[in-house]
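# Architecture and fold: a report
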Amino acid sequence: MVPLSFYLLLAAALFCIGLFGALGRRNAIAILIGIELMLNAVNINLVAFWRYIVPANPQMALAGQIFALFVITLAAAEAAIGLALVIAIYRSRDTVNVEDVNLMKW
Amino acid sequence: MTTDLFLSNVGFFVMGLMALAGALIAVSQQNLLRAALGLILAFLGVAGIYFMLEAEFVGVVQILIYVGAISVLILFAVMLTRGLMRGAGSGHNSQWIGAAFVSLLLFLILSAVALFAHWNVTATKVTTDLVPKIGVDLLTTYLLPFEAISLLLLAALVGAIVIARE
């Protein structure tokens, strides 16, 4: 079995790649892609900890997987809202470049 | 026994490499269609990692929701905003060097924690009959978050339609 730290390293690498995508990109949709990568990295951490460490409370035996399922659901809802916002901004400003969307409604 | 060990390690490395390659494609391509396809590759790699961790239900849900719904949503948004036809030059904004520095620093800190912390890894657990147990847990122990998240999905559904309509 692969040691736990390998999974944590993989999740850290995915998180940092997603962080770079969320901070350093111009297109709003590319930023949302980075956010999705970060959420996936967090999920890998949750499921890896579920697999390798048994919690003391037996009622929480599946907590890691359930948490990961809720994170996936929340990511879907957040992606839907985020992309709806991007489409609305594109309709009114005709750009999805986040550097150009810097004025509130006047 | 040894072939089993070898196969489980190979699976982790192949899937991990797929996830990382997809993530790198997703954040570096200026063409948003290529970035979305790289993201799909990353999602498939992460689903493979879930299968390596013996969490098959989460793996299948990952493929259904992330590859099947969220990626299609992102592709729709790319097509509707015609993001791939605009913008000459790289896809990075004016602060990308700082962003790269911060991500690298965070990766060093996280990998130090991952490698040098003493994790109380307990013995291998019994992982049989997981899907019925997940179902039972969702309706007993985790009933409140379950109901709350269905309310949240309703709000997100209505909100997305209201925001994106003409």
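What you are looking at is a predicted structure, and each value in this text was computed from that prediction instead of being measured.

### Remarks on the overall build of chain A
- The helix and strand inventory of chain A stands at three helices and zero strands.
- When its helices and strands are written in sequence order, chain A yields α-α-α.
- In terms of overall dimensions, chain A is more spread out than a globule: its C-alpha atoms have a radius of gyration of 18 Å, far above the 13 Å expected for 106 residues.
- Viewed in the frame of its principal axes, chain A has a C-alpha envelope of about 55 × 25 × 20 Å.

### Here we look at the interface of chain B and chain A
- In this complex, chain B contributes 73 residues to the contact, which on the side of chain A involves 63 residues.
- Considering every element that reaches the side of chain B that touches chain A, the biggest residue donor is helix α3 (residues 56-81) of chain B, with 14 residues.

### Describing the nonpolar core
- Grouped together as the largest cluster of nonpolar side chains are 71 residues, with contacts concentrated most on Leu14, Ile29, Ile44 and Val47 of chain A.
- Of all the elements in the fold, those that place two or more residues in this core are α1 (4-24), α2 (28-52) and α3 (63-93) of chain A together with α1 (2-28), α2 (32-52), α3, α4 (96-116) and α6 (143-164) of chain B.
- Residue contributions to this core peak at 15 residues, all from α2 of chain A.
- Residue contributions to this core reach at least three from each of two domains, namely domain 1 (1-84) and domain 2 (128-166) of chain B.
- Sequence-distant contacts of Ile44 of chain A, defined by excluding residues within four places in its chain, comprise Tyr7, Leu10, Ala11 and Leu14 of chain A together with Val46 and Ile49 of chain B.

### So, unusual backbone geometry
- The phi torsion at Asp94 of chain A lies on the positive side, around 60°, for a residue other than glycine.
- Within the secondary structure, Asp94 of chain A is located in the segment after α3.
- Among the residues examined, Asp94 of chain A registers 11 C-beta atoms within 10 Å and is labelled exposed.
- The phi angle at Glu54 of chain B is positive, at roughly 60°, despite the residue not being glycine.

### As for the domain arrangement of chain B
- Segmentation of chain B into domains returns domain 1 (1-84) and domain 2 (128-166).
- On a C-alpha basis, the centres of domain 1 of chain B and domain 2 of chain B stand 23 Å from each other.

### Some points on the packing of α3 of chain A against α3 of chain B
- With their axes 10 Å apart at the nearest point, α3 of chain A and α3 of chain B run at an angle of 5° to one another. In terms of axis orientation, α3 of chain A runs roughly parallel to α3 of chain B.
- Residues that form the contact of α3 of chain A with α3 of chain B fall into these classes: 22 nonpolar, three polar and no charged.

### Some remarks on the packing of α3 of chain A against α6 of chain B
- With their axes 9 Å apart at the nearest point, α3 of chain A and α6 of chain B run at an angle of 15° to one another. The angle between α3 of chain A and α6 of chain B falls in the class roughly parallel. Of the two elements, α3 of chain A crosses α6 of chain B, and the hand of that crossing is left-handed. Facing α3 of chain A, whose interface residues are Phe70, Thr73, Ala77, Ala80, Ile81, Ala84, Leu85, Ile87 and Ala88 of chain A, α6 of chain B presents Pro145, Ile149, Leu152, Leu153, Ala156, Gly159, Ala160, Ile163 and Ala164 of chain B.
- For the contact of α3 of chain A with α6 of chain B, the per-class residue count stands at 16 nonpolar, two polar and no charged.

### A short note on α3 of chain B
- If you check α3 of chain B, its first and last C-alpha atoms are 36 Å apart, about what 26 residues at 1.5 Å a residue would give, namely 38 Å.
- A maximum bend of about 25° is found in α3 of chain B at Tyr66 of chain B.
- Summarising the contacts, the buried residues of α3 of chain B are in contact with α2 and α3 of chain A together with α2 of chain B.

Thresholds, definitions, all that
Residues numbered from 1 in each chain as written. Chains lettered and ligands numbered in written order. Predicted model: local features only at pLDDT ≥ 70, side-chain atom pairs only at ≥ 80, totals over all residues. Helix = DSSP H or I, 4+ residues; strand = E, 2+ residues; numbered from the N terminus. Rg over C-alpha atoms; globule rule 2.2 N^0.38 Å. Contact = placed C-beta atoms within 7 Å. Core = buried A, V, L, I, M, F, W, Y, C linked by C-beta atoms within 7 Å. Buried ≥ 20, exposed ≤ 12 C-beta atoms within 10 Å, placed from the backbone. Domains from an automatic or database assignment. Axes fitted to C-alpha atoms, helices over the stretch in contact; angles between N-to-C directions. Parallel < 35°, antiparallel > 145°, perpendicular 65-115°, else oblique. Nonpolar A, V, L, I, M, F, W, Y, C, P; charged D, E, K, R; others polar. Left-handed = near helix turned anticlockwise from the far one by under 90°. Expected span 1.5 Å × (residues − 1). Bend = angle between axes of the 7 residues up to and from the residue.

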